[in-house]
Amino acid sequence: MRQAGRYLPEYRALKEKHSFIEMVKTPELAVEVTLQPLKRFKLDAAIVFSDILVIPEAMGQPYHFREQGGIQMEFAIGSESCVEKLAEQGVPSRLSYVAAALNLLRSELGDSKGILGFCGSPWTLACYMIDGGSSDGFPKTLKMASEQPLVFGRLMEKITQALAGYLDLQAKAGIDALQIFDSWHSLCPIDKTYEWSLRWIDQLVQSLTTNTPIILYAKTTEDRLSFLSQSKVRGFSLDHTVELRKARQTFPSPFVLQGNLPPSLMESSPLLVEKETKNLLDSMDGDPGHILNLGHGIRPQGKIECVQAMVETTRAFGN
Ligand code: CP3
């Protein structure tokens, strides 16, 4: 989950001088931001600083952040002609700055730490692209998916193709694992979960020519976990509404499970963080297929001493 960001003063300081997009697109700056949390905390892996929205941008739909928070795409994808105008070719070469950042990151870190690459899922990217930015419930996306299935399907094909090239680029740059964020997974009606989201993720998984492990973050409810287990993914990152130990029944070993302390815990106190982190680790009972993480991104009001307590408690566990 997000490691860098507004909860770190050194990130805020860099952002005084550079815009978010400039930091994402300049490999030296992207690497500097990526390394900020690793300099503070004893983490095992770094997630490259970038955003899921680099894909729409490389397809011809730029984005920026709204003053009041949230994402604004320059326009919304509302018709077949909009879908047709999106670039099909050349996406990986327009994202070569990510490969440059990953290569630089590897030369800085050596093999001492894992490097995670990532992307948005086709469904979650479609939500931002069709609704034209952050939205409450992404109504235009739901409408297009149900009322214009051919246009929606064509958009999903194009996004999936762009993502396949992007995953290949990241895999070749030597990442250790790849995380796919299906943050809006639960917006799919339950009987459309496969058709609207998982089917495209499966296509992506099958398109990979390397054996890079894939972890799917699906923000979803307990009753839907069995759908996920039928996909081709073998590692899942689950949000904090799901009881991870219970999820083990749906995803037995050798599935990998990542998660899932609530991000709000990072806004409490180190003592509470220590207690809750121990509780989660105890519940997983030393499970070697468990990767400790938050259930969603750390928020700007997250406290450094709480992140520190989470990392230290995890390091000390079982010793
Ligand atoms: O730790 C890292 O630096 C990893 C990089 C990372 C970012 N975004 C950087 C970022 C990752 C893995 C993401 C994923 C991402 N981006 C997702 C999937 C995960 C999730 O949160 O559900 C989504 C949906 C996005 C799109 C996006 N980017 C949103 C909704 C926002 C927040 C907008 C807001 O105003 O709050 C962003 C901005 C963003 N991406 C920030 C960071 C560090 C915050 C930028 C800032 O305010 O300086």
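1. Details of the overall build of the chain
Here comes step 1: Assigned secondary structure in the chain consists of 15 helices and nine strands.
Here comes step 2: In summary, the chain has a C-alpha radius of gyration of 19 Å against a globular reference of 20 Å for 319 residues, a match within 12%.
Here comes step 3: Judged by the C-alpha coordinates and their principal axes, the chain covers about 60 × 45 × 40 Å.
Here comes step 4: Considering only contacts within the chain whose residues lie at least 6 apart along the sequence, 70% involve residues at least 24 apart.
Here comes step 5: Accessible surface, the chain: about 14,200 Å² in total, of which carbon and sulfur atoms supply 52%.

2. Observations regarding the site of the ligand
Here comes step 1: Every one of the 23 residues lining the ligand counts as a neighbour, but Gln3, Tyr11, Lys15, Ser183 and His296 are closest to it.
Here comes step 2: Here Ala4 contributes a backbone N or O atom positioned 2.9 Å from an oxygen atom of the ligand.
Here comes step 3: At 2.8 Å, a side-chain N or O of Arg6 approaches an oxygen atom of the ligand.
Here comes step 4: When the ligand sits alone it has 890 Å² of accessible area, and the protein chains cover 90% of it.
Here comes step 5: Here the residues of the shell around the ligand are counted per class, giving 12 nonpolar, seven polar and four charged.

3. As for the packing of aromatic side chains
Here comes step 1: Under the definition given, this model contains 14 aromatic pairs.
Here comes step 2: Pairing Phe20 with Phe65 gives two aromatic rings, centres 4.7 Å apart and planes at 80 degrees, and the pair type is edge-to-face. Here the residue Phe20 occupies a position in helix H2 (residues 20-25), and Phe65 occupies one in strand S2 (residues 63-65), the gap between them amounting to 45 residues.
Here comes step 3: Residue Phe20 is classed as buried on the basis of its relative accessible area, which comes to 10%.
Here comes step 4: Their ring planes at 80 degrees and their centres at 5.7 Å tell us that Phe118 and Phe181 sit as a pair that is edge-to-face. Taken together, the residues Phe118 in strand S4 (residues 114-120) and Phe181 in strand S5 (residues 177-182) connect sequence positions 63 residues apart. The two residues Phe118 and Phe181 agree in class, both being buried.

4. Here's the deal with the domain arrangement of the chain
The accessible area lost on association of the parts is a frequent measure of interface size.
Here comes step 1: By the assigned domains, the chain splits into domain 1 (9-237) and domain 2 (245-319).
Here comes step 2: Tallying the contact residues gives 20 residues for domain 1 and 18 residues for domain 2.
Here comes step 3: In total, domain 1 and domain 2 occlude about 1,600 Å² of area from one another, counting both sides; carbon and sulfur atoms represent 60% of this.
Here comes step 4: Between domain 1 and domain 2 we count two salt bridges in total.

5. Some thoughts on the sheet that holds strand S9 (residues 290-294)
Here comes step 1: With respect to topology, seven strands assemble into an open sheet ordered S1-S4-S5-S6-S7-S8-S9, the strand pairing being parallel. The sheet terminates laterally at strand S1 (45-47) and S9, the two strands that pair on one side only. Within the sheet, the average angular offset between the axes of one strand and its neighbour, ignoring direction, is 25 degrees.
Here comes step 2: The pairing of S4 with S5 spans five bridges and is classified as parallel. Paired with Gly120 across the strands is Phe181, a residue of S5.

6. What to know about the pairing of S9
Along any regular strand the residues' side chains alternate between the sheet's two faces.
Here comes step 1: Pairing analysis gives five bridges linking strand S8 (residues 256-261) to S9, with the strands arranged parallel. When the sheet's bridge partners are listed, Gln258 is paired in S9 with Ile291.

7. Side note on helix H9 (residues 139-147)
Here comes step 1: Every buried residue of H9 is listed here: Thr141, Met144 and Ala145. Along the long axis of H9, the arc covered by the buried residues comes to 95 degrees, so they all point the same way.
Here comes step 2: Summarising the contacts, the buried residues of H9 are in contact with helix H8 (122-131), helix H10 (149-172) and helix H11 (193-207).

8. Points about the pattern of salt bridges
Here comes step 1: With the rule as written, the count across this model stands at 16 salt bridges.
Here comes step 2: Across the pair Asp176 and Arg106 runs a salt bridge whose closest N-O atoms are separated by 2.8 Å. Here Arg106 lies in helix H7 (residues 96-109) and Asp176 lies in the loop between H10 and S5, a separation of 70 residues in the sequence.
Here comes step 3: The partner of Glu222 in a salt bridge is Lys246, and the shortest N-O contact between them spans 3.5 Å. Highlighted residues: Glu222 in the loop between strand S6 (214-218) and helix H12 (225-229) and Lys246 in helix H13 (residues 244-250), separated in sequence by 24 residues.
Here comes step 4: Judged by relative accessible area, Lys246 falls into the partly exposed class, the value being 40%.
Here comes step 5: The network of salt bridges with shared partners includes Glu84, Glu88, Arg154 and Glu157.

Conventions used here
Residues numbered from 1 in each chain as written. Predicted model: local features only at pLDDT ≥ 70, side-chain atom pairs only at ≥ 80, totals over all residues. Heavy atoms only, no water. Helix = DSSP H or I, 4+ residues; strand = E, 2+ residues; numbered from the N terminus. Rg over C-alpha atoms; globule rule 2.2 N^0.38 Å. Contact = heavy atoms within 4.5 Å. Areas by Shrake-Rupley, 256 points an atom, 1.4 Å probe, with all protein chains shown as cover. Near = heavy atom within 4 Å. Polar contact = N/O pair within 3.5 Å; in protein donor to acceptor, adjacent residues only side chain to side chain. Nonpolar A, V, L, I, M, F, W, Y, C, P; charged D, E, K, R; others polar. Phe/Tyr/Trp six-rings, centres within 6.5 Å; stacked < 30°, edge-to-face > 60°. Buried < 20%, exposed > 50% of the residue type's maximum accessible area, 1.4 Å probe, protein only. Domains from an automatic or database assignment. Buried area = accessible area lost by both parts, 1.4 Å probe. Salt bridge = Lys/Arg side-chain N within 4 Å of Asp/Glu carboxyl O. Pairing = 2+ DSSP bridges. Axes fitted to C-alpha atoms, helices over the stretch in contact; angles between N-to-C directions. Arc of directions from axis to C-beta.

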